[in-house]
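# Per-entry structural report
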Amino acid sequence: MAQRARPLSPFMHYRWQYTNTLSILHRITGVLLSFGFFLLVYWLAAAAAGPARYQSAVGILGSLPVQLMLFGAAISFCYHLLNGVRHLFFDLGHGFETRTARKSGWAVAIGALVLGLLLWMVLRAGLGGAP
Amino acid sequence: MSLRSPLRRVTGRGSAKSGVGHWYVQRVTAAALVLLGIWFVAGLASLEGASHANVVGWLASPISSALAVLLVVKFALVVAAVIGVLAVLRIAFGVAA
């Protein structure tokens, strides 16, 4: 007996588009940020534990692997923030027209890169300048 | 003839077993995180070097507001993170968790 093909999720057979990438990036950056959250808690806990503990934490946060993580977190934070606002507008029923959605998508992508780099420089300057 | 049991029709929650709760909480925490995230990054940027004294001074000064906001930051972040990760896992593994 012939088995009928099961229905596929839309992303399995739609033509891949620029906006699909934005959508999956939102989820990926969200997952990355939920891990980056541990760095934030670590930093706050170290600050609460006193100057000595804070100093050793700054040493760890300033090391190359953690700096790379912070770089990813900075870009992810800005992307997730901007695209999150874009999605909140979608949820309210605005900006669904193809042209508008593409334009806002480009604005989010470029804005995230620019703001992410700025945030990264702020984080770096702060940690580097800690006596 | 319907194959659905009367009990299923009465509880009326379909196959997902829950309503719009997750969706709604996610939007509310998202809106809160927009404001809190901007507040936090602005605070970081206005620090003149992340020395212990500077950081503690920032987080402790307007006692009531900063502590309250921090608590909310933590709470909102955790709720949004857990729900978001669950949603991604559900899509990745097709689990109706």
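Thresholds applied
- Residues numbered from 1 in each chain as written.
- Chains lettered and ligands numbered in written order.
- Predicted model: local features only at pLDDT ≥ 70, side-chain atom pairs only at ≥ 80, totals over all residues.
- Heavy atoms only, no water.
- Axes fitted to C-alpha atoms, helices over the stretch in contact; angles between N-to-C directions.
- Helix = DSSP H or I, 4+ residues; strand = E, 2+ residues; numbered from the N terminus.
- Parallel < 35°, antiparallel > 145°, perpendicular 65-115°, else oblique.
- Left-handed = near helix turned anticlockwise from the far one by under 90°.
- Contact = heavy atoms within 4.5 Å.
- Salt bridge = Lys/Arg side-chain N within 4 Å of Asp/Glu carboxyl O.
- Buried < 20%, exposed > 50% of the residue type's maximum accessible area, 1.4 Å probe, protein only.
- pLDDT = per-residue confidence, 0-100.
- Buried area = accessible area lost by both parts, 1.4 Å probe.
- Polar contact = N/O pair within 3.5 Å; in protein donor to acceptor, adjacent residues only side chain to side chain.
- Nonpolar A, V, L, I, M, F, W, Y, C, P; charged D, E, K, R; others polar.
- Core = buried A, V, L, I, M, F, W, Y, C linked by side-chain atoms within 4.5 Å.

Turning our eyes to something else, we now look at the packing of helix α1 (residues 18–48) of chain A against helix α3 (residues 64–91) of chain A. All names here are of chain A. Direction vectors running N to C along α1 and α3 enclose 130°, while the axes themselves pass 8 Å from each other. In terms of their interaxial angle, α1 and α3 are classed as oblique. With respect to the hand of their crossing, α1 and α3 are arranged in left-handed fashion. Contacts from Thr19, Leu22, Leu25, His26, Thr29, Gly30, Leu32, Leu33 and Leu39 of α1 reach α3 at Val66, Met69, Leu70, Ala73, Ser76, Phe77, Tyr79, His80, Asn83, Gly84 and Arg86.

On to the pattern of salt bridges. A full pass over the atoms with the stated rule returns one salt bridge over all chains. For Asp91(A), the salt bridge is made with Arg27(B), and the minimal N-O distance between the two is 2.7 Å. Residue Asp91(A) is found in helix α3, and its partner Arg27(B) is found in helix α2 (residues 21–46); the two belong to separate chains. Its relative accessible area of 33% is what places Asp91(A) among the partly exposed residues.

Turning our eyes to something else, we now look at the confidence of the model for chain B. Segments scoring low in pLDDT should not have their predicted coordinates read at a detailed level. In this model, chain B carries an average pLDDT of 71, and 57% of its residues clear a pLDDT of 70 or more. Confidence metrics for the complex model read pTM 0.76 and ipTM 0.79.

Next up on the list: the interface of chain A and chain B. Facing 23 residues of chain A, the contacting portion of chain B comprises 28 residues. For the pairing of chain A and chain B, the buried interface totals around 2000 Å² over both sides, and the portion due to carbon and sulfur atoms is 86%. On the chain A side of the interface with chain B, the three residues burying the most area are Arg27(A), Phe37(A) and Trp43(A), jointly 22% of the side's total. Between chain A and chain B we count one salt bridge in total. For the interface between chain A and chain B, the tally reads two residue pairs in polar contact (both at pLDDT 80 or more). For the side of chain A that touches chain B, the secondary-structure elements that each account for two or more residues are α1, α2 (51–61), α3 and α4 (98–128) of chain A. For the side of chain A that touches chain B, the element with the highest residue contribution is α1(A), accounting for eight residues. Classifying every residue of the side of chain A that touches chain B by side-chain character gives 18 nonpolar, three polar and two charged.

We now examine the nonpolar core. Ranked by size, the top nonpolar core spans 26 residues in total, and within it Trp43(A), Tyr54(A), Leu44(B), Val55(B) and Trp58(B) carry the most contacts. Looking at this core, the elements with two or more residues in it are α1, α2, α3 and α4 of chain A together with α2 and α3 (52–60) of chain B. Here this core gets six residues from one element, more than from any other, and that element is α1(A). Residues in contact with Trp43(A), not counting those within four places in the same chain, are Tyr54(A), Leu61(A), Phe40(B), Leu44(B), Val55(B) and Trp58(B).

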